[in-house]
Structures are given as structure tokens and as C-alpha cells.
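# Coordinate inspection notes
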Amino acid sequence: MFEEGTAIVHPLQGAGIIEAIEEHSVLNESHKYYVIRLSTGSMKIMVPVELTEKIGLRKITEKDEFERVITILKGEEEKTMINWKSPYAENLLKMKEGSIYKVAEVACNLSLRSKEKTLSIEEKRLFENACNAISTEMAYVYKMKIAEADTMVRRTLKEGRTQISFKEVPK
């Protein structure tokens, strides 16, 4: 169970902070909920504590683990092959897993695909969601503004296997 003040990631909503743990009655049953303020905007969501694992709620990635995300974004890591007949479904499943590494794979795959052909509306939305999820988490990890993190993520995806490194990010 997470505590109030913990920085977490919701697989489809991005990073946020647990502001409270509240108990609410639904259909005469009492349930505990995490009240999470998302980092983008002033939106709050409530997540049932008992569904934490099923939803994929997790703590923010540690700095030393985030370097692998950068490697994936650059396209330097071996990726699982996507069935291009149903890429949206496969990428959506990866997003729902909640792993920052899978989210980075989705962003990288869709970025590469966009260089070959125009993405569908759903794919564009998924690409934006993946970039936002990475950017919001990066902002927490490196204590930077989301806009700065977003610029770095998109630059990395655009330039690929160049010498971009997040070691330039403040420690």
C-alpha cells in the first residue's frame, strides 16, 4: 500500500502524487481509494486501493533505472516485433502494462512508424499519451518542468541514435 505524498504513475494517466487515502461507501460496501493529483493540470483521480496491482499503479522509476528509457527512445535496444496488422491493439496492451520501458517502446515504435507513413488518429493519440507519460515521470525523476522533459523526449525520438544524453539533466 502506498502512503500519502508518494509519487506514483498510473499507466494511462501519467505521474502524480497521492494526496490522500479516503474511505468511501459504494453500494453499501466501504472501500479505500487513493486520491491522486496528476502532474498535468489540476486533475484528480480516485483509484481503489484493492485494484492497485490490476490497474498497474506503481512508484516513480528511480534515476539510475531511467537511463534504460532513454536507450529505448533512441531505438538502441532490441524491441519485440509488432504485428503491423494490429499495431494499435498491441501498443495499447503495452501501455496498459504500466511499465515505463513498455511505454517507451510504444513511443519509439510509433515514432518510427510515423516516419514511414501517417499515423491513424488512434495511433497519434496513443503516441501523445506515451510521450506525456514518459515526460511527466521524467519531470518527477529529474525534478524538472514537464515542458522541458517533453522537449527532451521528443528530441530523442526525432534524432534517434544520436548522442543525446539525459546526463545533462540536473541531478
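Throughout, residues of each chain are indexed from 1 in the direction in which the sequence is written. This being a predicted model, a pLDDT of at least 70 is required before a residue's local features are given, and a value of 80 or more before pairs of side-chain atoms are given or counted; all residues contribute to the totals for chains, interfaces and linings. The side-chain quantities take in all heavy atoms of the structure and omit both hydrogens and water.

So, on to the overall build of the protein chain. The secondary structure content of the protein chain amounts to six helices and five strands. Put simply, DSSP marks the helices as runs of H or I at least four residues long and the strands as runs of E at least two long, and each gets a number from the N terminus on. For the protein chain, the succession of helices and strands along the chain, N to C, is β-β-β-β-α-β-α-α-α-α-α. Every residue pair with non-hydrogen atoms within 4.5 Å of one another is taken to be in contact. Contacts spanning at least 24 positions in sequence make up 53% of the contacts within the protein chain whose residues lie at least 6 apart. Carbon and sulfur atoms make up 51% of the accessible area of the protein chain, which totals about 9700 Å². In these tables, accessible area is a Shrake-Rupley quantity obtained with a 1.4 Å probe, and a residue counts as shielded only by the protein chains included in the view.

Take Thr136: it is sitting in helix α5 (residues 121-142). Not counting the four nearest positions on each side in its chain, Thr136 is found in contact with Gly14, Ala15, Ser39, Thr40 and Ile146.

The subject of this paragraph is α5. Residues lying three or four places apart along an α-helix face the same way, a consequence of the helix completing one turn every 3.6 residues. Given the number of residues in a helix, its expected span is that number minus one, multiplied by 1.5 Å. The terminal C-alpha atoms of α5 lie 31 Å apart, and with 22 residues this matches the ideal 32 Å at 1.5 Å per residue to within 8%. One or two positions beyond α5, positive phi appears at Lys143, with a value near 50°.

Take the environment of Lys102 next. Counting through the fold element by element, Lys102 comes out in helix α4 (residues 100-116). Note on Lys102: relative accessible area 23%, which makes it partly exposed. When the C-alpha atoms of Lys102 and Ile72 are compared, they prove to be 9.1 Å apart, with 30 residues separating the residues in sequence. Beyond its immediate chain neighbours, meaning those up to four positions away, Lys102 contacts Lys94 and Glu97. Think of it in three bands: residues with accessible area under 20% of the maximum for their type are buried, residues over 50% are exposed, and the middle band is partly exposed, with areas taken using a 1.4 Å probe on protein chains only.

Stacked, tilted and edge-to-face are the three classes applied to pairs of Phe, Tyr and Trp rings, where Trp contributes its six-membered ring and a pair requires centres within 6.5 Å; stacked means planes under 30 degrees apart, edge-to-face means over 60, and tilted covers the rest. Tallying each qualifying case throughout the model produces two aromatic pairs. Ring centres of Phe2 and Tyr34 lie 5.7 Å apart, and the angle between their planes is 50°; this geometry places the pair in the tilted category. One end of the pair, Phe2, is in the segment before β1 (7-10); the other, Tyr34, is in strand β3 (residues 29-38), and 32 residues separate them in sequence. Exposure remark for Tyr34: the relative accessible area of 1% places this residue in the buried category. Here, a charge over a ring is recorded when the distance from Lys NZ or Arg CZ to the ring centre is within 6 Å and its angle to the ring normal is within 35 degrees. The positively charged end of Arg68 is found above the aromatic ring belonging to Tyr101, 4.2 Å away from the centroid.

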